[in-house]
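# Tertiary structure, described
If you want the building blocks of each chain, they are given just below.
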Amino acid sequence: MADKPYILLVDDDPNISRLVQLYLEKEGFRVVCADRGDDALAIFRKDPPDLMLLDVMLPGMDGWSVLKSVRKTSSIPIIMLTAKDETFDKVLGLELGADDYITKPFDNKELVARAKAVLRRSQSPEEDKTDTLTFPGLSVSLSQYEVFYEGQKLDMPPKELEVLYFLASHPNQVFTRDQLLEQVWGYNFAGDSSRTVDVHIKRLREKMPDCEKHGWMIRTIWGVGYKFEVQ
């Protein structure tokens, strides 16, 4: 029982929560439910889950506030659940550090596939996460989940760091957006792949201004994708 992946499901709709809980438990997960944002945060602090499924619209404390609070101390995978199929909500979630999002109504099989994908990424063997990449002015540690730019530690959500690490570990190699999603998010993404990757690249560039002076940059290859270019 203790070895089952533990999911904290946060949704104020009891019908959705019960159905999702039953399906996840059938798939081998241990599930704890909360119907308020503040209650979810209290549960997280007392018993941190392996994964959080977090609704946006919640009483007590909305999902964005819960996400920001969790990200201050933890890099656990978080998938946002939203009834709004709007680009703004998706982009906001990604910028605040969400690992993925899924729009209601969703198929339970898709939810389970996404949950398993982000858990695989977060629980991959430690020996795969031992390298630290260094370039002039830049250090990226996947084992410590730390990025230093020009001697300053950057505040960087997990997926931003993983995108940077993946690109930097393959210097001068071009990757499409779909390839980045498959490598970093761990599944074939059927949604707005361009928006998801572009948001992360934009945020990385904002946090590392004038990086060209150090002899490297994240370059856009128009009509193809991105590469970590080293001169």
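All of the points below concern the structure found in this document. (Residues numbered from 1 in each chain as written. Predicted model: local features only at pLDDT ≥ 70, side-chain atom pairs only at ≥ 80, totals over all residues. Heavy atoms only, no water.)

## Quick notes on the pairing of strand β3 (residues 51–55)
Applicable threshold: Classification of residues uses two cut-offs on accessible area relative to the type maximum, computed with a 1.4 Å probe and protein chains only: under 20% is buried, over 50% is exposed, and between them is partly exposed. For the purposes of this entry, the term helix denotes a DSSP run of H or I that reaches at least four residues, the term strand denotes a run of E that reaches at least two, and both are numbered from the N terminus. Two strands pair under a simple rule: DSSP has to find at least two bridges between them. With strands facing away from the observer, any crossover in which the path from the first strand over the helix to the second runs clockwise is taken as right-handed.
Of all the 5 residues making up β3, 5 are buried; the element is thus mostly covered by neighbouring parts of the structure. Burial of β3 is two-sided: the residues L51, L53 and D55 facing one way and the residues M52 and L54 facing the other way are all buried. Looking at chain direction, β3 and strand β4 (residues 78–82) are connected through 4 bridges and run parallel. Along β4, the bridge assignment pairs L54 with M80. What joins β3 to β4 is helix α3 (residues 63–71), and the crossover it makes is right-handed.

## Looking at the packing of helix α6 (residues 158–168) against helix α7 (residues 177–185)
Using the following cut-off: Lines fitted to the C-alpha atoms define the axes, with helices restricted to the stretch that makes contact. Angles between their N-to-C directions range from 0 to 180 degrees. Put simply, angles under 35 degrees are roughly parallel, angles over 145 are roughly antiparallel, angles from 65 to 115 are roughly perpendicular, and the rest are oblique. Left-handed describes a crossing whose near helix is turned anticlockwise from the far helix by less than a right angle; the clockwise case is right-handed. Contacts are assigned to residue pairs with any non-hydrogen atoms lying within 4.5 Å of each other.
For the pair α6 and α7, the least separation of the axes is 10 Å and the interaxial angle reads 115°. The angle between the axes of α6 and α7 places the two elements in the roughly perpendicular class. Note that α6 runs across α7; the crossing there is right-handed. Seen from α6, the contacting residues are K159, E162, V163, F166 and L167; seen from α7, they are L180, Q183, V184 and W185.

## Re the pairing of strand β1 (residues 6–10)
The element β1 is extensively covered by neighbouring structure, given that 5 of its 5 residues are classed as buried. Residues Y6, L8 and V10 point to one face of β1 and I7 and L9 to the other, with burial holding for every one of them. Two elements, β1 and β3, share 4 bridges in a ladder whose sense is parallel. Across the sheet, V10 pairs through a bridge with L54, a residue of β3.

## Structural notes on the nonpolar core
Put simply, the test is: What we call a nonpolar core is a set of buried Ala, Val, Leu, Ile, Met, Phe, Trp, Tyr and Cys residues that are connected through their side-chain atoms within 4.5 Å.
In this structure, L138, L164, M208, I218 and F228 are the most contacted members of the largest nonpolar core, which totals 31 residues. Contributing elements (two or more residues each) for this core: β6 (132–135), β7 (138–141), β8 (146–149), α6, α7, α8 (193–207), β11 (216–221) and β12 (225–230). When residues no more than four places from it in sequence are discounted, the contact partners of I218 are L164, L167, I201, L204, R205, M208, Y226, K227 and F228. V10, F44, L58 and V70 belong to the second largest nonpolar core, which has 21 residues in total.

## Looking at the sheet that holds strand β5 (residues 100–103)
Backbone-to-backbone hydrogen bonds pair the strands of a sheet. The strands run either parallel or antiparallel. Ordered by their spatial adjacency, 5 strands build an open sheet running β2-β1-β3-β4-β5, and the pairing between neighbours is parallel. In the strand order of this sheet, the two ends are held by β2 (30–34) and β5, each with one partner. The sheet shows a mean angle of 20° between the axes of neighbouring strands, direction not considered. Sitting on the sheet, helix α1 (residues 14–26) touches β1, β2 and β3, and the angle it makes with β2 is about 165°.

## Points about the layout of surface pockets
Vacant regions in the atomic arrangement are exposed by a probe of water-molecule size rolled over the atoms. Put simply, the rule reads: In this analysis, the protein atoms alone were mapped onto a 1 Å grid. Cavities are point sets where a 1.4 Å probe fits without being able to get out; pockets are open sets with protein on both sides within 12 Å along at least five of seven lines; lining residues have an atom within 4 Å of a point. Grid points are joined across faces, edges and corners, and a volume is the space filled by probe spheres set on the points. Throughout this entry, Asp, Glu, Lys and Arg are counted as charged residues, while Ala, Val, Leu, Ile, Met, Phe, Trp, Tyr, Cys and Pro are counted as nonpolar. The remaining residues, Gly among them, count as polar.
By volume, the largest pocket is sized at about 420 Å³. R71, D155, M156, P157 and P158 are, among the 19 residues lining the largest pocket, the residues nearest its centre. Breaking the lining of the largest pocket down by element, the ones donating at least two residues are α3, α4 (87–96) and α8. Broken down by class, the residue content of the lining of the largest pocket amounts to 6 nonpolar, 4 polar and 9 charged.

## Overview of helix α2 (residues 37–46)
Heads up, the rule is: Here, the arc refers to the directions that run from the helix axis to the C-beta atoms.
Regarding α2, the residues found buried are G37, A40, L41 and F44. All buried residues of α2 fall inside an arc of 100° around its axis, so they share one side. Those residues of α2 that are buried lie in contact with β1, β2, β3 and α3.

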